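Chain and residue survey
In case you want the letters, here they are:
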Amino acid sequence: MDPAEPREPREPKPGAETAAAPRWEETKTFYDNLAPKKKPKSCPEKLARATCLRECNSPPPAPAQPKPQNAVTIAVSSRALFRMDEEQRIYTEQGVEEYVRYQLEHENEPFSPGPAFPFVKALEAVNKRLRELYPDSEDIFDIVLVTNNHAQVGVRLINSINHYDLFIERFCMTGGNSPICYLKAYHTNLYLSADAEKVQEAIDEGIAAATIFSPSRDVAVSQSQLRVAFDGDAVLFSDESERIVKAHGLDRFFEHEKAHENKPLAQGPLKGFLEALGRLQKKFYSKGLRLECPIRTYLVTARSAASSGARALKTLRSWGLETDEALFLAGAPKGPLLEKIRPHIFFDDQMFHVAGAQEMGTVAAHVPYGVAQTRQQAAPVKQSPSTQ
């Protein structure tokens, strides 16, 4: 055949088409499997459920720490907040080095609650309510742990605070030096300690302070309402009236109070703390919660209502302050009434009344202020091991 002559197309042999078809289908399937598969559309309900699980399982954010100048600052010593009787014994008998060693060896063992513990828990309960009503306000209680412990002991204190779920972020550990010089820098409204000498030092610096004592027996206190009871003279008020009693007797005292009924008494060391409590109470009152207020205050005084009570009440009124209840005992023991009130803390300037409160199960705090201090250095109140 001539090379230039076109060839005639050949017809396929029988069965050729059926043989090629399977090869094509196999190739198409191979390439289809190489193509990326489309992801199924996400279900909005599943996404929402997953987000909820993540948020619910996440720990809640810690409350914002208020600026000290805006808050009501309560400074508490380590021996007031926790029971440290064994540690204190080691410190006294064996010295500071053995004391620190013991603390390091036991730093994963939380301390037991001390006399100020229920008071601090009640402060935090009030803070929770305040944050619910005023999320952006810093006018709340701010608790500072103040101690002359060595910084190495701080780990055990932190572990104890976390164990009891307390919100205490500010620490002051002075390594053997007195912490009193730091109290004003913390804008302290109240200082509680088991060390009477440091409390006296704070009072001398013009800082509201008291030596706290454990009760002789445990009594249940409110978990939802902070209750604070105050003596009047030399606690909320000055010791003016007590000086007259000491110098001239009760009859002259009654005459003096009648004559000066409309003249306000000078302020005592804890007037500012009552004022701070009153300011926080008004935040609840403004929300229509006077009857449900989580703070309640009491005046528990040995004064007689008819002969000397009016001046006390008028003094509070002149300051723009009040207490929710006023109990005038006319010299009767305070312990039985305090047992009914069940305050988280009771402040008095006379150790006789502190002892009576302790015997009835009340956490009592001694305010070393005024003329009465010069004549009550007699038999000390029987203390619990945490305060000795």
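Our subject is the structure listed above.
Calculation rules
Residues numbered from 1 in each chain as written. Predicted model: local features only at pLDDT ≥ 70, side-chain atom pairs only at ≥ 80, totals over all residues. Heavy atoms only, no water. Salt bridge = Lys/Arg side-chain N within 4 Å of Asp/Glu carboxyl O. Helix = DSSP H or I, 4+ residues; strand = E, 2+ residues; numbered from the N terminus. Buried < 20%, exposed > 50% of the residue type's maximum accessible area, 1.4 Å probe, protein only. Pairing = 2+ DSSP bridges. Axes fitted to C-alpha atoms, helices over the stretch in contact; angles between N-to-C directions. Contact = heavy atoms within 4.5 Å. Core = buried A, V, L, I, M, F, W, Y, C linked by side-chain atoms within 4.5 Å. Phe/Tyr/Trp six-rings, centres within 6.5 Å; stacked < 30°, edge-to-face > 60°. 1 Å grid on protein atoms, 1.4 Å probe; cavity = no way out; pocket = protein on both sides within 12 Å on 5 of 7 lines; lining within 4 Å. Points joined across faces, edges and corners; volume = space filled by probe spheres on them.

The next subject is the pattern of salt bridges. Tallied over the entire structure, the rule returns 22 salt bridges. A salt bridge links R217 to E339; its shortest N-O distance comes to 2.9 Å. One end of the pair, R217, is in the loop between β7 (209-213) and β8 (226-230); the other, E339, is in helix α13 (residues 335-341), with 122 residues separating them in the sequence. Note on R217: relative accessible area 36%, which makes it partly exposed. Judged by relative accessible area, which is 26%, E339 ranks as partly exposed. Two residues, E257 and R311, come together in a salt bridge whose shortest N-O distance is 3.0 Å. Of this pair, E257 sits in helix α10 (residues 250-259) while R311 sits in helix α12 (residues 305-318), and the two are 54 residues apart along the sequence. Here the two residues E257 and R311 agree in accessibility, since each one is buried.

It is worth spelling out the sheet that holds strand β12 (residues 364-366) at this point. Pairing between the strands of a sheet comes from backbone hydrogen bonds, and it takes one of two forms, parallel or antiparallel. Spatial ordering of the open sheet is given by β5-β4-β1-β6-β7-β12-β11-β8-β9-β10, a layout of 10 strands whose pairing is mixed. Strands with a single pairing partner mark the edges of an open sheet, and in this sheet they are β5 (170-173) and β10 (325-328). Neighbour-to-neighbour, the strand axes of the sheet open up by a mean angle of 25°, direction not taken into account. The pairing of strand β1 (residues 72-77) with strand β6 (residues 188-193) spans 4 bridges and is classified as parallel. Each residue of the ladder has a partner; that of T73, found in β6, is T188. Together, β1, β4 (141-147), β6, β8, β9 (295-301) and β11 (345-348) form the strand contacts of helix α11 (residues 271-285), whose direction differs from that of β9 by roughly 145°. Across the sheet, α12 touches β9 and β10, and the angle it forms with β10 is around 150°.

The next point concerns helix α14 (residues 351-359). Those residues of α14 that fall on the buried side of the exposure criterion are M351, H353, V354, A355, A357 and Q358. Residues of α14 that are buried sit in contact with β7, α13, β11 and β12. Two residues or fewer after α14 comes G361, characterised by a positive phi angle close to 90°.

Let us look at the nonpolar core. Ranked by size, the top nonpolar core spans 77 residues in total, and within it F119, L226, F230 and F347 carry the most contacts. Non-local contacts of F119, meaning those with residues more than four positions away in its chain, are made with I74, L190, L192, L226, V228, F273, H344 and I345. By size, the runner-up hydrophobic cluster in this structure holds 13 residues, among which are F213, L327, A357 and A364.

Another aspect to go through is the side chain of Q281. Among the secondary structure elements, Q281 is positioned in helix α11. Other than its neighbours up to four places away in sequence, Q281 contacts C293, I295, R296, T297 and D324.

Okay, the environment of Y182 next. Note on placement: Y182 falls in the loop between β5 and β6. On the basis of relative accessible area, Y182 is assigned to the partly exposed category, the value being 41%. Each C-alpha atom of the pair Y182 and V146 lies 9.0 Å from the other, and the pair is 36 residues apart in sequence. In contact with Y182, other than residues within four places in its own chain, are C172 and T174.

Looking now at the packing of aromatic side chains. According to the stated counting rule, one finds 9 aromatic pairs in the structure shown. Both rings, one in F117 and one in Y164, keep their centres 5.1 Å apart while their planes meet at 70°; by these two values the pair is edge-to-face. Of this pair, F117 sits in helix α6 (residues 117-133) while Y164 sits in the loop between α7 (154-163) and β5, placing them 47 residues apart in sequence. Its relative accessible area of 10% is what places F117 among the buried residues. A ring pair is formed by F273 and F347, whose centres lie 6.3 Å apart and whose planes are at 75°; its orientation type is edge-to-face. Placement of the pair is F273 in helix α11 and F347 in strand β11, with a sequence separation of 74 residues. The same class applies to F273 as to F347, namely buried. Members of the aromatic cluster, connected to one another through ring pairs, are F82, F111, F117 and Y164.

What follows deals with the layout of surface pockets. The calculated volume of the largest pocket comes to roughly 940 Å³. What lines the largest pocket is a set of 47 residues, among which F117, P118, K121, A122 and L166 lie closest to the centre. Breaking the lining of the largest pocket down by element, the ones donating at least two residues are α6, β4, α7 and α13. No other element matches α6, which puts 9 residues into the lining of the largest pocket.

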